[in-house]
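An overview of the molecular structure
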Amino acid sequence: MSEENQKTDVVAALPPLSTDLDWPDDLTPFDPFDVGIQTSPYAHYRWMRANAPVIRAGNSDAPLYIVSRFADVTAALRNAAVFLSQPPGAVVPPGFLLSLDAPDHPRLRQMASKAFTPRAVQEFTPRIAELIAKRWNVVLQNGGGEVMGLFASPLTISVISTLLGVPVEHSAQMRDWTTKILDYVAILLRGVPGGADDAAYVALTSYIGNVLDAASDSQADNVVSNLARLRASGELTAEEASGFAALIFMAGHETTTLLTGNCLDFLSHNPVWLPFLRTEKGAAAFLNEMLRYRPPVHRLSRFVGEDTVLGGYRLPAGASVRLLVASANRDDTAFPDGDTFDPARSNAAHAAFGYGPHMCMGSWLARLEVRLILERIGATVSDMKPDPTIETEALTGGAFATVGLKNLGLSVTPLRNVT
Ligand code: HEM
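Figured I'd write up the structure that's included with this text. Just so you know, these numbers come straight off a predicted model, no measurement behind them.

1. Focus: the coordination of the iron atom of the ligand
Of all protein atoms, C360 (SG) alone acts as a donor to the iron atom of the ligand, lying 2.3 Å away. With respect to the helices and strands, the residue C360 is situated in the loop between α14 (325–328) and α15 (363–380).

Printed below as a string of structure tokens:
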């Protein structure tokens, strides 16, 4: 058979079912909802990339097509006309860019980008550094503790609150609403009729509406004033402006918290890297490699809008696809020796923030915040190790297919000159 014919045969075939594959003895068939696999998925990812780069898994009535290679994952993310973000039949809350397609997505994204600019975020750098120092000092004075609850989670919500003009003392309330909204939005997007409790969404968006009202005369170039102006000019409706602000809380809080936890966990097992964090360049390189090596978001969902071919297989219109960005980030063809953590590698193009038209809008905020955290750790810590007296617990079933830690117990030794 000619190579061309072989290719055609493969294209005609459906991807293999996960449960029909000849998995090695130490791996159960890949199932994205299996909690054990979610917490430790990299051996599965490696095997799939090498042996079955597109598979069918999940419920056999509604199969999910799982894609694991860098080239296929990024090709699908770039092709937003075919790989859609809006689940069929779903109600998308106003301003919720993540789950919108053209023509609404590009229009709203353009508007939102006018408000959420790198410059508008940059302005907050000293304030973010101050929030980090204040919270990290508590960890230092304690000699460690459960750092997700003590440090990472309250910090990231207070940074987003500050950026959106919400007083820090209200950030615990914002976190409570944000957590509840994640459930509400997940139910809406699944198209479940009724049943979704919108109280937290209404409370958060009306709170933000008041913040925007208060900023309506401001000429400042910050996120809140920019959103207030877009709302006043009618370029964004009031619902879209508040809805976009709610999305920033949702998309930015858990992701940045988990990335911070991944960095801390890694450092506690590899404290040899601590001195590397003492320069801005070292901290930035460490962070970029951590995003590749242990990204907080593992899978992105897409819905096939028309019959298409991906990775040599035919995917039917209506198919539900999971693009494994965390697997793509370990693909040796894009990142030689991909399972090795190496901040010296050139990996600017990793997929931790996605690819294509939906690529993360908050990546500079996340990078700025976590780099400042790492620099603070480099400047204040001489040793860090796991604290076995505090339970370390994995987070599973995160709202955005996130993987990371819910609790992390650390013992932290300050540098001698740090009070
Ligand atoms: C380490 C932290 C973060 C990670 C790993 C991350 C990851 C991602 C990824 C993978 C996407 C693409 C989703 C898709 O294609 O379906 C995305 C989109 C988005 N992210 Fe982030 N994110 C992070 C932090 C943030 C922060 C701090 C904000 C804002 C404060 C933010 C706001 C957004 C928004 C608004 C979108 C939607 C963009 C669109 O659909 O056009 N993210 N993020």
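2. A closer look at the pairing of strand β12 (residues 409–414)
Summarising the sheet, strand β4 (residues 144–146) and β12 pair through three bridges and their orientation is antiparallel. Within the sheet, the bridge partner assigned to E146 lies in β12 and is G409. Two elements, strand β9 (residues 381–386) and β12, share five bridges in a ladder whose sense is antiparallel. Pairing of M384 across the sheet is with V412, part of β12.

3. What about the nonpolar core?
Judged by nonpolar contacts, the single largest core of 91 residues is most densely connected at W136, I377 and M384. In terms of residues, this core owes the most to one element, helix α12 (residues 238–269), which gives 13 residues.

4. Looking at empty space enclosed by the protein
A complete count under the given rule lists one cavity of 30 Å³ or more for this structure. Considered as a void within the structure, the largest cavity measures approximately 30 Å³ in volume. In this structure, the largest cavity is lined by F30, P32, I37, Q38, P41, Y45 and R299.

5. A closer look at unusual backbone geometry
Cis peptide bonds are those with omega within 30 degrees of zero, and the linkage from A102 to P103 qualifies with 5 degrees. Along the chain, the position of P103 falls in the loop between β3 (83–84) and α5 (104–115). With a phi angle near 55 degrees, D337 is a residue other than glycine that sits in the positive phi range. Among the secondary structure elements, D337 is positioned in the loop between α14 and α15.

6. Some remarks on the pairing of strand β1 (residues 54–57)
Residues of β1 alternate between two faces, with V54 and R56 on one and I55 and A57 on the opposite face, all of them buried. Summarising the sheet, β1 and strand β2 (residues 64–67) pair through four bridges and their orientation is antiparallel. If you follow A57 over to β2, its bridge partner there is L64. Taking the residues between adjacent antiparallel strands as the criterion, β1 and β2 are bridged by six residues, where G58 takes a positive phi near 80 degrees.

7. Comments concerning helix α4 (residues 70–78)
Looking at α4, one finds that the buried residues are F70, D72, V73, T74, A76 and L77. Of the surrounding elements, those touching the buried residues of α4 are β2, β3, β5 (299–304), β6 (308–310), β8 (320–324) and α14.

8. Some thoughts on the site of the ligand
By nearness alone, 25 residues border the ligand, and H105, R109, R302, H358 and C360 come closest of all. Contacts to the ligand include H105, whose side-chain N or O atom sits 2.7 Å from an oxygen atom. A distance of 2.7 Å separates an oxygen atom of the ligand from a polar side-chain atom of R109. At seven residues, α12 tops the list of elements feeding residues into the shell around the ligand.

9. Things to note about the packing of helix α9 (residues 171–189) against α12
One can describe the packing of α9 onto α12 by two numbers: an axis separation of 10 Å at closest approach and a directional angle of 100 degrees. Between α9 and α12, the angle falls in the class roughly perpendicular. Here α9 contributes M174, R175, T178, I181, L182 and V185 to the contact with α12, which in turn contributes F249, M250 and H253. Each residue belonging to the contact of α9 with α12 can be placed in one class, and the counts come to six nonpolar, two polar and one charged.

Calculation criteria
- Position numbers for residues count from 1 along each chain, tracking the sequence in the order it is written.
- With the structure being a predicted model, the display of local features is reserved for residues of pLDDT at least 70 and the display and counting of side-chain atom pairs for 80 or more, all residues being used for whole-chain, interface and lining totals.
- For the side-chain quantities, the full set of heavy atoms in the structure was used; hydrogens and water were omitted.
- Only N, O and S atoms count as donors, using a 2.8 Å limit from the metal and a wider 3.2 Å limit for Na, K and Ca, and since water is excluded some coordination spheres may look unfilled.
- Helix numbering and strand numbering both begin at the N terminus, where a helix is a DSSP run of H or I of at least 4 residues and a strand a DSSP run of E of at least 2.
- Any two strands between which DSSP finds at least two bridges are classified as paired.
- Side-chain atoms within 4.5 Å are what join buried Ala, Val, Leu, Ile, Met, Phe, Trp, Tyr and Cys residues into a set we call a nonpolar core.
- Relative accessibility decides the category of a residue: with a 1.4 Å probe and only protein chains considered, values under 20% of the type maximum give buried, values over 50% give exposed, and everything between is partly exposed.
- Throughout, the protein atoms alone are placed on a 1 Å grid, and a set of points is a cavity if a 1.4 Å probe fits but cannot get out or a pocket if it is open with protein on both sides within 12 Å along at least five of seven lines; lining residues have an atom within 4 Å of a point.
- Grid points are joined across faces, edges and corners, and a volume is the space filled by probe spheres set on the points.
- Here a residue-residue contact requires only that any non-hydrogen atoms of the pair lie within 4.5 Å.
- The cutoff for a nearby residue is simple: one of its non-hydrogen atoms must lie within 4 Å of the molecule or strand.
- Residues adjacent in sequence count toward polar contacts only when both atoms are side-chain atoms; beyond that, a polar contact is any pair of N or O atoms within 3.5 Å, and within protein one must be able to donate a hydrogen and the other to accept it.
- Here an axis means a line fitted to C-alpha atoms, over the contact stretch when the element is a helix, while the angle between two N-to-C directions is reported on a 0 to 180 degree scale.
- Should an angle fall under 35 degrees it is taken as roughly parallel, and over 145 as roughly antiparallel, whereas 65 to 115 is taken as roughly perpendicular and any remaining angle as oblique.
- When residue character is reported, Ala, Val, Leu, Ile, Met, Phe, Trp, Tyr, Cys and Pro are called nonpolar, Asp, Glu, Lys and Arg charged, and the others, Gly included, polar.

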